[in-house]
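Letter by letter, the chains look like this.
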Amino acid sequence: AQKITQTQPGMFVQEKEAVTLDCTYDTSDQSYGLFWYKQPSSGEMIFLIYQGSYDEQNATEGRYSLNFQKARKSANLVISASQLGDSAMYFCAMRESNTGNQFYFGTGTSLTVIP
Amino acid sequence: DGGITQSPKYLFRKEGQNVTLSCEQNLNHDAMYWYRQDPGQGLRLIYYSQIVNDFQKGDIAEGYSVSREKKESFPLTVTSAQKNPTAFYLCASSILTSSNTEAFFGQGTRLTVV
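Computed from a predicted structure; not experimentally measured.

1. Notes on the overall build of chain B
Logical step 1: Secondary structure summary: chain B contains zero helices and 11 strands in total.
Logical step 2: Listing every helix and strand of chain B by position from the N terminus yields β-β-β-β-β-β-β-β-β-β-β.
Logical step 3: The dimensions of chain B, computed from C-alpha atoms along their principal axes, are 40 × 25 × 25 Å.
Logical step 4: Sorting the 114 residues of chain B into buried and exposed places 50% on the buried side.
Logical step 5: Within chain B, counting contacts between residues at least 6 apart in sequence, those at least 24 apart form 53% of the total.
Logical step 6: Total accessible area computed for chain B in this model is approximately 5,600 Å², and 46% of it derives from carbon and sulfur atoms.
Logical step 7: Positive and negative side-chain charges in chain B, numbering 11 and 11 respectively, have mean positions lying 8 Å apart.

2. Some thoughts on the pattern of salt bridges
Logical step 1: A complete count under the given rule lists five salt bridges over all chains for this structure.
Logical step 2: For Asp-86 of chain A, the salt bridge identified is with Arg-63 of chain A, shortest N-O distance 2.8 Å. Here Asp-86 of chain A is found in the loop between β9 (74-79) and β10 (88-96), whereas its partner Arg-63 of chain A is found in the loop between β7 (60-61) and β8 (64-69), with 23 residues between them in sequence.
Logical step 3: Residue Arg-63 of chain A is classed as partly exposed on the basis of its relative accessible area, which comes to 22%.
Logical step 4: Two residues, Asp-38 of chain B and Arg-36 of chain B, come together in a salt bridge whose shortest N-O distance is 3.0 Å.
Logical step 5: For Asp-38 of chain B, a relative accessible area of 11% puts it in the buried group.
Logical step 6: One connected set of salt bridges, linked through shared partners, spans Arg-36, Asp-38 and Arg-44 of chain B.

3. A short note on the interface of chain A and chain B
How big an interface is tends to be reported as the loss of accessible area on association of its parts.
Logical step 1: Facing the 22 residues of chain A at the interface are 24 residues of chain B.
Logical step 2: Here chain A is connected to chain B by zero salt bridges.
Logical step 3: Taken together, chain A and chain B are joined by six residue pairs in polar contact (both at pLDDT 80 or more).
Logical step 4: Only β5 (32-39), β6 (46-52), β10 and β11 (103-105) of chain A provide two or more residues apiece to the side of chain A that touches chain B.
Logical step 5: At five residues, the largest contribution of residues to the side of chain A that touches chain B is made by β5 of chain A.
Logical step 6: Tallied by class, residues from the side of chain A that touches chain B come to nine nonpolar, 10 polar and three charged.

4. Thoughts on the state of the cysteines
Logical step 1: Evaluated as defined, the whole model comprises two disulfides over all chains.
Logical step 2: Two residues share a disulfide in this structure: Cys-23 of chain A and Cys-92 of chain A, whose sulfurs sit 2.0 Å from each other. Note on the Cys-23 of chain A and Cys-92 of chain A pair: the S-S dihedral is about -65 degrees, so by sign convention the disulfide is left-handed. Residue Cys-23 of chain A is located in the loop between β3 (19-21) and β4 (24-25), and its partner Cys-92 of chain A is located in strand β10; the two are separated by 69 residues in the primary sequence. An identical accessibility class is assigned to Cys-23 of chain A and Cys-92 of chain A; each is buried.
Logical step 3: One disulfide in the model links Cys-23 of chain B with Cys-91 of chain B; its S-S distance is 1.9 Å.

5. Let's talk about the packing of aromatic side chains
Logical step 1: Across all of its chains, the model carries 15 aromatic pairs over all chains by this definition.
Logical step 2: Look at Phe-105 of chain A and Tyr-35 of chain B: their rings are 5.4 Å apart centre to centre, the planes differ by 80 degrees, and that puts the pair in the edge-to-face class. Remark: Tyr-35 of chain B occurs in strand β4 (residues 31-37) and Phe-105 of chain A occurs in strand β11; the pair is interchain, linking two chains.
Logical step 3: Both rings, one in Tyr-47 of chain B and one in Phe-55 of chain B, keep their centres 5.9 Å apart while their planes meet at 80 degrees; by these two values the pair is edge-to-face.
Logical step 4: With a relative accessible area of 34%, Phe-55 of chain B lands in the partly exposed category.

6. Structural notes on the nonpolar core
Residue and element names in this part refer to chain A.
Logical step 1: Judged by nonpolar contacts, the single largest core of 24 residues is most densely connected at Tyr-25, Trp-36, Ile-49, Leu-77 and Tyr-90.
Logical step 2: Every element with two or more residues in this core is listed here: β3, β5, β6, β8, β9, β10 and β12 (109-114).
Logical step 3: A total of four residues in this core trace back to one element, the largest contributor, which is β10.
Logical step 4: Setting aside chain neighbours within four positions, we find Ile-49 in contact with Leu-34, Phe-35, Trp-36, Ala-59, Thr-60, Glu-61, Tyr-64, Ser-65, Leu-66 and Leu-77.

Reading the values: the criteria
Residues numbered from 1 in each chain as written. Chains lettered and ligands numbered in written order. Predicted model: local features only at pLDDT ≥ 70, side-chain atom pairs only at ≥ 80, totals over all residues. Heavy atoms only, no water. Helix = DSSP H or I, 4+ residues; strand = E, 2+ residues; numbered from the N terminus. Buried < 20%, exposed > 50% of the residue type's maximum accessible area, 1.4 Å probe, protein only. Contact = heavy atoms within 4.5 Å. Areas by Shrake-Rupley, 256 points an atom, 1.4 Å probe, with all protein chains shown as cover. Lys, Arg positive; Asp, Glu negative; His and termini not counted. Charge placed at Lys NZ, Arg CZ, Asp CG, Glu CD. Salt bridge = Lys/Arg side-chain N within 4 Å of Asp/Glu carboxyl O. Polar contact = N/O pair within 3.5 Å; in protein donor to acceptor, adjacent residues only side chain to side chain. Nonpolar A, V, L, I, M, F, W, Y, C, P; charged D, E, K, R; others polar. Disulfide = S-S within 2.5 Å. Phe/Tyr/Trp six-rings, centres within 6.5 Å; stacked < 30°, edge-to-face > 60°. Core = buried A, V, L, I, M, F, W, Y, C linked by side-chain atoms within 4.5 Å.

What follows is the structure, encoded as structure tokens:
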């Protein structure tokens with residue numbers, strides 16, 4: 001079974017609008033971390049935001065927030081006030097304690113911001 | 001500046017040749033990883049290492065080899081046994097003992113078979 005599922009291969013958003021990128025995960029571990037990365041066309045992987053399994057509040061980092069719904073095992077990324085520079089691939093990842101803290105990545109979502 | 005460095009950025013290989021991709025980190029991280037990324041796809045784990053002189057196969061290890069002689073270095077060799085090596089390769093490192101720390105990535109190496 002897939003550990004991380006991203007069901008949106010591609011998304012479009014109007015500049016200055018908000019967009020939600022979906023991510024669901026599968027784990028039986030109680031202790032795990034959820035991460036979002038941005039990959040622009042240059043290829044580098046840029047860490048955006050982290051959510052711990054025990055965190056009760058949703059994580060926020062500037063225009064990025066993580067909508068964490070533990071019971072539904074979802075960790076959606078919300079980007080507010082989209083900018084042209086947000087056009088990139090976005091990857092959701094999970095790290096579990098009971099598998100040696102391995103990272104599991106989703107297949108990614110390609111986001112295009114339209115002027 | 002702490003970080004993780006991959007070299008070269010672009011690499012061309014002839015059929016039947018072995019090539020080695022370099023990955024060096026000065027973050028004092030125990031764990032290091034190699035991922036392969038094909039166009040429009042996610043990251044697939046090739047090999048990972050949690051300690052010097054030890055490493056484990058990931059999901060797609062066939063045709064690849066690694067070494068971890070120093071904590072800072074985790075080179076990946078793409079052997080002639082890898083039938084379709086053209087891809088983007090990413091090296092990463094992280095603190096090992098916690099699920100709440102992110103992976104740090106290098107800039108990647110784009111390998112093309114000619």
